[in-house]
Amino acid sequence: MRNTRHWGLTMSDSHDELNFWRKYVFSTDHKTIGIQYGITALVFLFFGFSLMMMMRWQLAYPGQAIPIIGALLGDTFVNRGAMLPEFYNQLGAMHGTIMVFMGIVPLAVGAFGNFVVPLQIGAADMAFPRLNMMSYQAFVIGGVIMLLSFLAPGGAASSGWTSYAPLSDIATSGQTWWLIGMIFLIFSSLLGAINFIVTIIHLRAEGMTFFRLPFFVWSQLVTAFLLLLAFPALQAAAVFQLMDRLAGTSFFLPSGLVVGGEASAAVGGGSPLLWQHLFWFLAHPEVYVLILPGMGIVAEVIAINTRKPLWGYRSMVYSLVFLGFMSFCVWAHHMFLTGMGTTMSTFFQITTMIISIPSVIILSCLVISLWGGSIRFPVPMLFALAFLPMFGIGGLTGLPLGLAVPDVYLHDSYYVIGHFHYVVAPGTIFAMFAGIYHWYPKATGRAMNESLGKLHFWLSFIFMNGIFMPMMFEGMAGVSRRLFNPEVYNTGLGAHGLTVISSWSAWCLALSQLPFIYNFFASMRKKERAEENPWQATTLEWATPTPPPHGNFPSPPVVERGPYEYSVPGAASDFSPQAVKQGV
């Protein structure tokens, strides 16, 4: 059996008495590390969302003092409470960085992956528990460095979350902090990726063949390969840019660059486009790092709440693998305006259209899985169902951006912001909420309140669309996403009114999270315990005690069947757990 030795080591360790620091701070238990990742990522998401709310105030009411917060900020950031352009740029750069690299990715991979994957494959822990602990520690260090950059002279990084050269090479010292923080965050992701790949390949329980893996595990496996193969490009780019800033090199500084009316000292003939290639070689696979775990969560929730197997499971798996492969062949569709030439533009247009096919297959399989199902509508299912049209809108609106001609007009407009956020906000984040509500009983032994959960869902669904749908129309009206004061760019099409709607929707969305926050923490204090398998699910994580102890399973499970045996004709019940023999 693959994981016998690992089981022996881990189960013997489970009897050790651990002090508070070993149990909760320097833990090597994958479940504790997953919860640490989850709580930390949610805190970072809240902070990044707060930065965006300040930006929305400036866009809706340019030049007016920020309520309450404006009086607390120093002269570096505001003038008589009104936001300075430099501070607006810092907010934009740090909002994107925090939400993507410190929020959604750690939540989707670090939290859900760490907690759920070993349980679903029947393992006692991750393959390298100490490496797992180091991954979380590197993530925290990188995140803290990023946040401390606001205290650097001149403020935080202000060159956008993409940090395009040569602007980022000559920016204030906050950019140096950004680069150092990014190196730690990338190091964390690489450690985690190696751990996931080894764990899934080598620690599967007896009988857990690859096509008996839950779709969520497949999504994490493909995501781990994306992280492992794509992040080194940005790691190298960050080191190069750090050398440009601190060591006098000129990897990204072109000859003849004029800065502040004076010629730059860099004469090495560096290429700003080199940074774009290295960044987008990571950042486009990164889009699928954001979305694939979400697809995995949604697949689990839909299968359980329709009481029938996933339609086209193998097609979904093949599409997932092909999607991961093709994500490395489309990065330059972000660079159509750099003058790459018609031949290369045509190549990347074709690959962009091709990569939409596996996404459509997965989405179609999830929709068809609903047909004929005995559908239940608990809170996780509501978020999972909302994911389908929201991700569909995000995908469809991305197609014009993958074609060179319409991209000339839409590039760097609010249309791009609307498209991307439909993928990762009402798309991925809705999937993350589905996962939180779904696995919360397993992690805590308590159930979240359904009424508060449904209130959270409907308010979030309404205001998410209130934020991003107006951006589509603003972008098509020609409004640039880089503007500090949109009043100087009057399209005559009522675009500023749409900006106000987006801003108010953002602030209402923030208030809509209060039921979730209260529900999340108050439910932990409930006296009544949740059932061990409240959803009547088939996958292995529901066969463990609730919450799972160190070591997970009392004895190594043996897998008898596939992950989605629901409503099987002749079965004793409408679900057949993977580790239960037929007729038992």
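Residues numbered from 1 in each chain as written. Predicted model: local features only at pLDDT ≥ 70, side-chain atom pairs only at ≥ 80, totals over all residues. Heavy atoms only, no water.

Participant: Break down the packing of helix α8 (residues 272–306) against helix α11 (residues 379–398) for me, with residues and values.
Facilitator: At a minimum axis distance of 9 Å, the contact between α8 and α11 shows a crossing angle of 130°. Put simply, α8 runs oblique to α11. Relative to α11, α8 is oriented so that their crossing is left-handed. Here I291, M295, V298, V301, I302, N305 and T306 of α8 come into contact with α11, specifically with P380, M381, A384, F387, L388 and F391. (Axes fitted to C-alpha atoms, helices over the stretch in contact; angles between N-to-C directions. Helix = DSSP H or I, 4+ residues; strand = E, 2+ residues; numbered from the N terminus. Parallel < 35°, antiparallel > 145°, perpendicular 65-115°, else oblique. Left-handed = near helix turned anticlockwise from the far one by under 90°. Contact = heavy atoms within 4.5 Å.)

Participant: I'd love a proper account of the environment of E86, names of residues and values included.
Facilitator: Examined against the element boundaries, E86 turns out to sit in helix α4 (residues 85–121). Sequence separation of E86 and T76 is ten residues, and the distance between their C-alpha atoms is 8.5 Å.

Participant: Go over the pattern of salt bridges with me, naming the residues and quoting the values.
Facilitator: Scanning the entire structure with this criterion turns up four salt bridges. With a closest N to O distance of 2.9 Å, D574 and R307 form a salt bridge. You can see D574 sitting in the segment after α16 (514–522) and its partner R307 sitting in the loop between α8 and α9 (313–326), a full 267 residues away along the chain. Here R481 and D412 are joined by a salt bridge, their closest N and O atoms 2.8 Å apart. Residue R481 is found in the loop between α14 (450–476) and α15 (495–512), and its partner D412 is found in the loop between α12 (404–410) and α13 (414–444); the two are separated by 69 residues along the sequence. Look at D412 and you get partly exposed, because its relative accessible area is 24%. Several salt bridges converge on common partners, so that one network encompasses D412, R481 and R482. (Salt bridge = Lys/Arg side-chain N within 4 Å of Asp/Glu carboxyl O. Buried < 20%, exposed > 50% of the residue type's maximum accessible area, 1.4 Å probe, protein only.)

Participant: Could you give an account of the confidence of the model for the protein, naming the residues involved and the relevant values?
Facilitator: In the predicted model, the protein carries a mean pLDDT of 91, and 95% of its residues have values of at least 70. Per-residue pLDDT stays below 50 along residues 8–15; that stretch engages in nine contacts with residues further than four places along the chain or on separate chains. (pLDDT = per-residue confidence, 0-100.)

Participant: I'd like a description of α16, backed by residues and values.
Facilitator: Each α-helix turn comprises 3.6 residues. Residues three or four places apart therefore point the same way. For α16, the full list of buried residues reads P515, F516, N519 and F520. Here the buried residues of α16 occupy an arc of 130° about the axis, which is enough to place them on one side. (Arc of directions from axis to C-beta.)

Participant: Summarise the packing of aromatic side chains; cite the residues concerned and give the values.
Facilitator: On inspection of all chains with the given rule, the structure shows 46 aromatic pairs. Ring centres of F101 and F231 lie 6.3 Å apart, and the angle between their planes is 45°; on these two criteria the pair is classed as tilted. Pair noted here: F101 is in helix α4 and F231 is in helix α7 (residues 215–246), with a separation of 130 residues, a long-range link. For F101, a relative accessible area of 6% gives the class buried. Seen in terms of ring centroids, Y440 and F520 are 5.5 Å apart; in terms of plane orientation they differ by 65°. Their pairing is edge-to-face. Taken together, the residues span a long stretch of sequence, with Y440 in helix α13 and F520 in helix α16 at a distance of 80 residues. For the pair formed by Y440 and F520, the shared burial category is buried. Taken together, the ring pairs in this structure connect F383, F430, F433, Y437, Y440, F457, W458, F461, F516, F520 and F521 into an aromatic cluster. If you follow R204 out to its NZ or CZ, it ends over the ring of F210, 4.0 Å from the centre. The residue whose ring lies beneath R314 is F211, and the NZ or CZ to ring-centre distance is 4.0 Å. (Phe/Tyr/Trp six-rings, centres within 6.5 Å; stacked < 30°, edge-to-face > 60°. Lys NZ or Arg CZ within 6 Å of the ring centre and 35° of its normal.)

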